[in-house]
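# Report on the structure
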Amino acid sequence: MSRRTEAEYDVLVAGGGAGGVGAALGAARAGAKVCLVEKYGFLGGAATTSQVLAYCGFFQQGEAPAQAVGGAGELVLDELRRLGMDGKPHMSETTGNWIILLNPEGLKLALDRVLEAHGVDVLLHTRVAAATRTADRIEAATLAGMEGRRRVVAEGFVDATGDANLSLVSGVPMRVGDGEGALQAVSAPIRVGGIDPDLKIDREAVKTAIARYNETGAFPIARTDGGIYTRVPGTGEMWWMVIDLPLPDLTSASFTHAERTARKMAHDYVEILQGGVPGFERAFLAQTGPQIGIRETRHPAARYEMTAEDILSGRQREDGVARAAWPVELHGAAGKPVYHSIGGPGFASIPLDALRAKGLDNLYLAGRVIGADPIAYGSTRVMGTAFATGEAAGIAAAAGLTDGAEVAGRVRELGGLT
Ligand SMILES: Cc1cc2nc3c(=O)[nH]c(=O)nc-3n(C[C@H](O)[C@H](O)[C@H](O)COP(=O)(O)OP(=O)(O)OC[C@H]3O[C@@H](n4cnc5c(N)ncnc54)[C@H](O)[C@@H]3O)c2cc1C
């Protein structure tokens, strides 16, 4: 199928995180010619740019893992499995929720392969820098890449940039953070090497070392429970989420301060392990970044904003095109996450209108930029869910669809869950 006239592409997807990959797969499997544009040299979004090494949202809470995401997300898990990762649900020791553990290098390769197999044109090292529009449609995006700037015309667009960069340059109104200036804390997960692969990490020893550090250390640790840690699959390394910082605003100065402070903290904290936790005597800081983990920036105005009530009651809708299954996870105070479970059947329907930008008929939203109030956002932003909202946005963008029930049907035909 093609609606192209002078357009080079049926669908242009901005951003190559879970939302963007889901969107590109959804659109390509719906028959569209698709271009995906990513500013880094690899795909994966926060998983590969910020060491966020667990997919949340693929499964509901509960004693047994009930699947909440299929379709494009499942294709990615299949590719991970082909590359030797297990792609299976593991119960998080700290939160009691089901997650899928990731090896970031394997993930980068898996995402390259799955998009290549579906004929998606991927442009890395390329940023969506500007857009031209009429009153109600985006006409073209300006891409800033290695060869300079060029204009790409498409019929449909998906903003999967996490920071709403395509919506921003297209003039969509924005809410910053919770609308009153408060942003979720940033965190910098790190990888620690030099530990015995068979070591059973002693959480009590980690807690004691943190308590000792907090008496005089330069950067007291709010996660006095030891933080969240797991092994990085396929390596002898530990993944540790223990660095948290407040983000006062969206200025470059604040991001620079956060990056530099987190770096100092990372070095300090590995010393805590070296000096105080058995088995970590030869530990070293294996990896930070490439960039700090940013939970929240801008929220473009959508035609529907998911509400706290929708999520907490597990509201079901006929125009639901994806499932939000991850409990609301709020990081209002750095290092002190708060969780609220989802009611009803354990997931809430995400309607198509939450994926449609207000005022622009051919701009769809995927991943963490979908319409959600500050509480609902604590659930909808996770990466498993981002694959699902991406897939639905891509399917809708491929044919310019606006009817939620129709898109839901097409999502189900492609193996997605609504
Ligand atoms: C510290 C931290 C811990 C988290 N823990 C978890 C967890 O354990 N599990 C989980 O599932 N979720 C977790 N989350 C949430 C989750 O990582 C994000 O909400 C999720 O990655 C959103 O996916 P996305 O595709 O919308 O955006 P992103 O993953 O942010 O991807 C957006 C992509 O767009 C690219 N981009 C941005 N602007 C442009 C542009 N102008 N042109 C081209 N490309 C652009 C970026 O480089 C990036 O690759 C965590 C987040 C943080 C910060």
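For the structure itself, look to the data block above.
The structure reproduced in this document is the subject of the present report. (Residues numbered from 1 in each chain as written. Predicted model: local features only at pLDDT ≥ 70, side-chain atom pairs only at ≥ 80, totals over all residues. Heavy atoms only, no water.)

Our next topic: the environment of Val-407. As for its position among the elements, Val-407 is in helix H11 (residues 404-413). When the C-alpha positions of Val-407 and Val-321 are compared, they lie 6.6 Å apart, and in sequence the two are 86 residues distant. The contact partners of Val-407, leaving out residues within four places of it in the chain, are Val-321, Leu-352, Ala-392, Ile-395, Ala-396 and Leu-401. (Helix = DSSP H or I, 4+ residues; strand = E, 2+ residues; numbered from the N terminus. Contact = heavy atoms within 4.5 Å.)

By size, the foremost hydrophobic cluster in this structure holds 98 residues, and its most contacted members are Leu-12, Val-13, Tyr-55, Val-76, Leu-115, Val-158 and Val-407. Broken down by element, this core gets its largest block of residues, 10 residues, from helix H10 (residues 383-399). When we break this core down by domain, the ones giving at least three residues each are domain 1 (9-181 + 296-413) and domain 2 (186-287). Setting aside its immediate chain neighbours within four residues, Val-76 contacts Val-21, Leu-25, Tyr-55, Leu-107, Leu-111, Val-114 and Phe-387. Within the second largest apolar cluster, 35 residues are counted, among which are Ile-195, Val-206, Tyr-213 and Val-270. (Core = buried A, V, L, I, M, F, W, Y, C linked by side-chain atoms within 4.5 Å. Buried < 20%, exposed > 50% of the residue type's maximum accessible area, 1.4 Å probe, protein only. Domains from an automatic or database assignment.)

One open sheet holds the three strands; their spatial order is E3-E5-E4, and the pairing between them is antiparallel. Because the sheet does not close on itself, it has two edges, and the strands there are strand E3 (54-55) and strand E4 (90-91). (Pairing = 2+ DSSP bridges.)

Quantified by volume, the second largest pocket comes out at close to 320 Å³. Lining the second largest pocket are 15 residues; nearest its centre among them are Glu-93, Ile-201, Tyr-229, Thr-230 and Arg-231. Listing elements by their share of the lining of the second largest pocket, those giving two or more residues are E4, strand E5 (98-101) and strand E13 (228-231). For the lining of the second largest pocket, the element with the most residues is E13, which contributes four residues. When we break the lining of the second largest pocket down by domain, the ones giving at least three residues each are domain 1 (9-181 + 296-413) and domain 2 (186-287). (1 Å grid on protein atoms, 1.4 Å probe; cavity = no way out; pocket = protein on both sides within 12 Å on 5 of 7 lines; lining within 4 Å. Points joined across faces, edges and corners; volume = space filled by probe spheres on them.)

So, on to the site of the ligand. The full set close to the ligand counts 32 residues, and Glu-38, Ala-54, Asn-165, Arg-381 and Met-383 are the nearest of them. Here a nitrogen atom of the ligand and a backbone polar atom of Lys-39 are 3.2 Å apart. For the ligand, an oxygen atom lies 2.9 Å from a polar atom in the backbone of Arg-368. Isolated, the ligand exposes 1,000 Å² of accessible area, and the fraction of that covered by the protein chains is 95%. A per-class count over the shell around the ligand returns 14 nonpolar, 12 polar and six charged. (Near = heavy atom within 4 Å. Polar contact = N/O pair within 3.5 Å; in protein donor to acceptor, adjacent residues only side chain to side chain. Areas by Shrake-Rupley, 256 points an atom, 1.4 Å probe, with all protein chains shown as cover. Nonpolar A, V, L, I, M, F, W, Y, C, P; charged D, E, K, R; others polar.)

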